[in-house]
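Here is what each chain is made of, one letter per residue.
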Amino acid sequence: QSALTQPASVSGSPGQSITMSCTGTSSDVGGFNYVSWYQHHPGKVPKLIIYDVNKWPSGVSHRFSGSKSGNTASLTISGLQAEDEGDYYCSSYTNKYTWVFGGGTKLTVL
Amino acid sequence: QVQLQQWGAGVLKPSETLSLTCAVSGGSFSGHYWTWIRQPPGKGLEWIGEIDHSGSTNYNPSLKSRVTISVDTPKNQFSLKVTSVTAADTAVYYCARGEGLSHCFDYWGQGTLVTVSS
């Protein structure tokens, strides 16, 4: 199975909003509303920030929001903060009863 | 509070078998998919496979021939074995809980760096 496609990097200034994409196929992202997003700071454990495309786990800031159109899911972070800097991964269920991650996007807060 | 604690050998030689175990405490062991995920140095996350409390498994097709995930439900533990390891299997390995109702990985173990080197 092929990894989902994410941009290698995005950047933004504090207070701004950024959006990152996650592109798959009709066999994964496009076929299910089972896209989740994870924030990963180096040396730490990945943290779930969005599930089922656009739902928030308890305790996660609503500055993070998710959406999907066709085979592409997106994560938007509004009101960028320095602590948002890190790596972000999307994941999707597939029609082969497996899961697939994206290659990850490195967010830099300028 | 759900906690996942994992352990296993951190250094292996090529052709050896990687073996990791993850113990789950807090929450229910049934009703979830217990998952292994890895991250090679400088690369992204890769889903390895999952198992439920009854032993039903799903594997990443690219690793399926070398991977076995097993479960010990009475102990609330699950394990990963990867045979014939090479340097390409060097990675941080995470165990995680797959949440069936919300289709995500909501709790993660602390991660174990496994290095394959001769």
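Presented here is an overview of the structure given in this document. (Residues numbered from 1 in each chain as written. Chains lettered and ligands numbered in written order. Predicted model: local features only at pLDDT ≥ 70, side-chain atom pairs only at ≥ 80, totals over all residues. Heavy atoms only, no water.)

Before going further, it helps to examine the environment of N76 of chain B. Residues and elements named next belong to chain B. Along the polypeptide, N76 turns up in the loop between β7 (67-72) and β8 (77-82). In sequence terms N76 and S28 are 48 residues apart; their C-alpha atoms lie 9.0 Å from each other. Discounting residues that sit within four places of it in the chain, N76 has contacts with C22, A23, V24 and F29. (Helix = DSSP H or I, 4+ residues; strand = E, 2+ residues; numbered from the N terminus. Contact = heavy atoms within 4.5 Å.)

Residue and element names in this part refer to chain A. Here strand β1 (residues 9-12) shows one buried face, formed by V10 and G12, and one open face, formed by S9 and S11. Of the strand pairs in this sheet, β1 and strand β9 (residues 105-109) are connected by 4 bridges, and their pairing is parallel. Residue G12 lies in a different strand from β9, and its bridge partner there is V109. (Buried < 20%, exposed > 50% of the residue type's maximum accessible area, 1.4 Å probe, protein only. Pairing = 2+ DSSP bridges.)

Residue and element names in this part refer to chain B. One open sheet accounts for 4 strands, arranged β1-β3-β8-β7; its pairing is antiparallel. Since the sheet does not close on itself, it has two edges, and those belong to β1 (3-8) and β7, each with one partner. Taken pair by pair, the neighbouring strands of this sheet meet at an average axis angle of 20°, ignoring direction. Strand direction decides the pairing type here: β7 and β8, joined by 6 bridges, are antiparallel. Paired with S70 across the bridge in β8 is S79. (Axes fitted to C-alpha atoms, helices over the stretch in contact; angles between N-to-C directions.)

Our focus in this paragraph is the packing of aromatic side chains. Taken as a whole and assessed by the stated rule, the structure comprises 15 aromatic pairs over all chains. When the ring of F32 of chain A is compared with that of Y93 of chain A, the centres are 5.2 Å apart and the planes differ by 80°; the resulting orientation is edge-to-face. On the criterion of sequence distance, the pair formed by F32 of chain A in the loop between β2 (18-23) and β3 (35-40) and Y93 of chain A in strand β7 (residues 86-93) is long-range, its members being 61 residues apart. Note on F32 of chain A: relative accessible area 21%, which makes it partly exposed. Ring centres of W34 of chain B and F78 of chain B lie 5.7 Å apart, and the angle between their planes is 40°; this geometry places the pair in the tilted category. Within this pair, whereas W34 of chain B is found in strand β4 (residues 32-39), its partner F78 of chain B is found in strand β8, the two being separated by 44 residues in sequence. Judged by its relative accessible area of 0%, F78 of chain B is buried. A network of ring pairs unites the aromatic residues F32, Y34, Y38, Y93, W99 and F101 of chain A together with Y94, F105 and W108 of chain B as a single cluster. (Phe/Tyr/Trp six-rings, centres within 6.5 Å; stacked < 30°, edge-to-face > 60°.)

Moving on, we get to the interface of chain A and chain B. Taken together, the contacts link 19 residues of chain A with 22 residues of chain B. In this assembly, chain A packs against chain B so that about 1700 Å² is buried in total across both faces, 66% of it on carbon and sulfur atoms. Where chain A meets chain B, there are 0 salt bridges. Looking at the side of chain A that touches chain B, the elements with two or more residues in it are β3, β7 and β8 (99-101) of chain A. Looking at the side of chain A that touches chain B element by element, the count peaks at 3 residues for β3 of chain A. Looking at the side of chain A that touches chain B, its residues break down into 10 nonpolar, 7 polar and 2 charged. (Buried area = accessible area lost by both parts, 1.4 Å probe. Salt bridge = Lys/Arg side-chain N within 4 Å of Asp/Glu carboxyl O. Nonpolar A, V, L, I, M, F, W, Y, C, P; charged D, E, K, R; others polar.)

Turning our eyes to something else, we now look at the nonpolar core. Membership of the largest hydrophobic core comes to 25 residues, with the highest contact counts inside it found for L4, L18, W36, V67, F78, L80 and Y93 of chain B. Listing elements by their share of this core, those giving two or more residues are β3 (18-25), β4, β5 (46-51), β7, β8, β9 (91-99) and β11 (112-116) of chain B. If you tally residues by element for this core, the top one is β3 of chain B, at 4 residues. The residues contacting V67 of chain B, other than those within four sequence positions of it, are I48, Y59, L80, K81 and V82 of chain B. One finds V10, V53, A73 and L107 of chain A within the second-largest nonpolar core, a separate group that totals 22 residues. (Core = buried A, V, L, I, M, F, W, Y, C linked by side-chain atoms within 4.5 Å.)

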